[in-house]
Structure formats: C-alpha cells, structure tokens
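# Descriptive structure summary
Below, each chain spelled out in residue letters.
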Amino acid sequence: MKKHLLLSLVFFGLFIAQVTSQTIPFEEEVKRISARIDSTGWSPGSTVFTGSSTIRMWKSLEETFPNETLINTGFGGSKASDLERHLFPLVIKFEPSRVFIYEGDNDLWAGVEVSAILTSLDNIVTRIHLVNPDIEIFLIGAKPSPSRWEKKDSYLIFNRMLKEYCQTKEQVQYVDTWKALTDTEGNARPELYIQDMLHLNQEGYVIWAGIFKGYFKN
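One structure accompanies this document, and this report is about it. (Residues numbered from 1 in each chain as written. Predicted model: local features only at pLDDT ≥ 70, side-chain atom pairs only at ≥ 80, totals over all residues. Heavy atoms only, no water.)

### Concerning the overall build of the chain
Spelled out, the test is: Only DSSP runs of H or I covering at least 4 residues are called helices, and only runs of E covering at least 2 are called strands; the numbering of each starts at the N terminus. Whether two residues are in contact is decided by their heavy atoms: any pair within 4.5 Å suffices. Areas reported as accessible are Shrake-Rupley estimates using a 1.4 Å probe. Residue values count occlusion only from the protein chains shown.
In terms of helices and strands, the chain carries ten helices and five strands. Here the analysis covers contacts within the chain between residues at least 6 apart in sequence; of these, 73% occur between residues at least 24 apart. With the model as given, the accessible surface of the chain reaches about 11600 Å², and the carbon-plus-sulfur share is 55%.

Listed below in structure tokens is the structure:
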C-alpha cells in the first residue's frame, strides 16, 4: 500500500512539473538570460533592448553603440504576453533609464488580435512607469519580413495603431523600422534577411543601426 502511494506521489509530482513547465513559456531561457547578465555584472541606468528573436539575434548591438551601457534580453520567438509575464527579470530588475521593446511580430503571425497585443504592451508600459515614470520607453514597430508578407496589411495596421498609442503616452516613443527595410515601391527587400526570410542579416542590422542611432544623440 505504501509502495503504491509513494509511486502515485512520484508520478503526480512529475505530472505537476511537466504541466508547470508547459504553462510558463520561456521560463528556463529567461532564467539563463538573467543569470548570464548577473554573472557579468550590470549597472542601474543602462539601456535595455528586449523582445523577440530579432533583438536576441542582434549580435553587433554593443559594438554599434560603444559609448552606451546596453543590456540585451531578447528571448526566443516571444510574444508581447511573454514579455509581460517575464517583465521583472528581463527589464525591471536592471533599473534601466531607457527600454527598447520589439514585440508584436510573432503575435500577428500567430493570429493574435492587434487589440490584445496593444493591451499587453500597455500593461508593460504601465508596470515600468509604476517603478520609475522617468524611464524612456521605445516601442519598435514590426519589420517587413518577406516570409510573412501575406499578412502585410495586418502588420501595417498594427504599426499604425502602435504609433497612435505612443502618441498618447508620456515618455513613450514609436520606432519605425518598416520604411527603411522596404524598397521605393513599398516591398520587402529579401537581400536584407537570412535564409529564413524572417530574421535580418548583417546588412539588415546595419540599416537598423542607422535607425536607432538617432535615439542615442541626447
């Protein structure tokens, strides 16, 4: 009887662990990111770049801005709701002076409504400013990826609404990366992307660098 009870408890524990791991997306990755940054050290007042893999894969970020103290906490194929869930270990704990956020790209591709994305982003902005209302927040518009071009209209609607949202908030700015990554006819430029036609290549990040340098002049 005791043996059966013990086995039942063991299997129940494994079940709970499995369910928990499945219901908290990116938890382990976020722990690794947080631990890695803690191990190298960080200072309050830095600039945090966070969001989905377009941020995570920006390997030249620090050399692009050598005079800035930067922290990159980009993670996986995240959505705005994922960043909302992991906001403290990825942003708030670092006591930044400014935060750049790239979310919404994966959300739109997964069929998340624009209103739901904006709700998550508004919750993120609100929580950051509850901690420190002087933190500058930059919400980055979705980029024009060739592999997701079939949803172009949804991306453009999101970018327009995100820009309008930013205009209603203090200390919140919209960063437009769409125009710089399209040609004169408004089409995506495949030569700026790696083979998956979703993530930027080195040339694409050079263009991004030119966009973001304008926000580091003051």
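So that's the structure; there's more coming.
### Quick notes on the pattern of salt bridges
Where charged atoms of side chains with opposite charge meet at close range, the side chains can pair. The test is simple: Salt bridges are identified by distance alone: a Lys or Arg side-chain nitrogen within 4 Å of an Asp or Glu carboxyl oxygen. Relative accessibility decides the category of a residue: with a 1.4 Å probe and only protein chains considered, values under 20% of the type maximum give buried, values over 50% give exposed, and everything between is partly exposed.
Under the defined criterion, the tally for this structure stands at ten salt bridges. One salt bridge in this structure joins Asp82 and Arg85, with 3.0 Å as the shortest N-O distance. Highlighted residues: Asp82 and Arg85, both in helix 5 (residues 80-85), separated by three residues, approximately one helical turn. Given the relative accessible area of 6%, Asp82 is considered buried. The class for Arg85 is partly exposed, based on a relative accessible area of 43%. When salt bridges with common partners are traced through the structure, they connect Glu27, Glu28 and Lys31 into a single cluster.

### Topic: helix 2 (residues 27-40)
Which entries qualify depends on this criterion: Given a helix with a known number of residues, its expected span is that number minus one, times 1.5 Å. To obtain the arc, one takes the directions from the helix axis to the C-beta atoms.
In this model helix 2 runs 20 Å from its N-terminal to its C-terminal C-alpha over 14 residues, within 8% of the 20 Å that 1.5 Å per residue would give. All of the buried residues in helix 2 are Glu29, Val30, Ile33, Ser34 and Ile37. Considered in projection along helix 2, the buried side chains sweep an arc of 135° and stay on one side of the axis. Facing away from the buried surface of helix 2 by more than 90 degrees, the exposed residues are Arg32 and Ser39. Looking at the buried residues of helix 2, the elements they touch are helix 3 (53-56), strand 2 (70-72) and helix 6 (87-90).

### Describing the pairing of strand 1 (residues 47-51)
It is a general feature of regular strands that their side chains alternate between the two faces of the sheet. What counts here: A pair of strands is considered paired only if DSSP assigns at least 2 bridges between the two.
Within strand 1, five of the five residues are buried, which leaves it mostly tucked inside the rest of the structure. On strand 1, burial covers both faces: Thr47, Phe49 and Gly51 on one face and Val48 and Thr50 on the other are all buried. With three bridges joining them, strand 1 and strand 2 adopt parallel strand pairing. Its bridge partner lying in strand 2, Phe49 is registered against Asn72. Across five bridges, the pairing between strand 1 and strand 3 (residues 98-102) is parallel. By the bridge assignment, Thr47 is partnered in strand 3 with Arg98.

### Digging into the environment of Arg148
Counting through the fold element by element, Arg148 comes out in the loop between strand 4 (136-140) and helix 9 (152-167). In this structure, the C-alpha to C-alpha distance between Arg148 and Asn106, residues 42 residues apart in sequence, is 9.9 Å.

### Remarks on the nonpolar core
Put simply, the test is: Buried Ala, Val, Leu, Ile, Met, Phe, Trp, Tyr and Cys residues that are joined via side-chain atoms within 4.5 Å together make up what is termed a nonpolar core.
Among the nonpolar cores identified, the biggest contains 57 residues, and Trp208 and Phe212 are the most heavily contacted of them. Here this core gets seven residues from one element, more than from any other, and that element is helix 8 (residues 114-131). Residues in contact with Trp208, not counting those within four places in the same chain, are Thr54, Ile55, Trp58, Tyr102, Ile140, Thr177, Leu181 and Leu200.

### Considerations on the packing of aromatic side chains
Here a ring pair, both rings aromatic, is described through the centre-centre distance and the interplanar angle of the planes. What counts is decided by this rule: Paired rings are identified among Phe, Tyr and Trp, the last through its six-membered ring, by centres lying within 6.5 Å, and are further divided according to the angle between planes into stacked (under 30 degrees), edge-to-face (over 60) and tilted (the rest). A ring is considered to have a charge above it if a Lys NZ or an Arg CZ atom is located within 6 Å of its centre and within 35 degrees of its normal.
Per the counting criterion, the structure on display carries 20 aromatic pairs. With 5.7 Å between their ring centres and 20° between their planes, Trp149 and Trp178 make a pair best called stacked. Here Trp149, found in the loop between strand 4 and helix 9, pairs with Trp178, found in the loop between strand 5 (172-175) and helix 10 (202-213); they are 29 residues apart in sequence, far enough to count as distant. For Trp178, a relative accessible area of 10% puts it in the buried group. By way of ring pairs, the aromatic residues Phe49, Trp58, Phe65, Phe100, Tyr102, Phe138, Tyr205, Trp208, Phe212, Tyr215 and Phe216 are connected into one cluster. When the ring centre of Phe216 is taken as origin, the NZ or CZ atom of Arg98, which lies over that ring, is 5.1 Å away.

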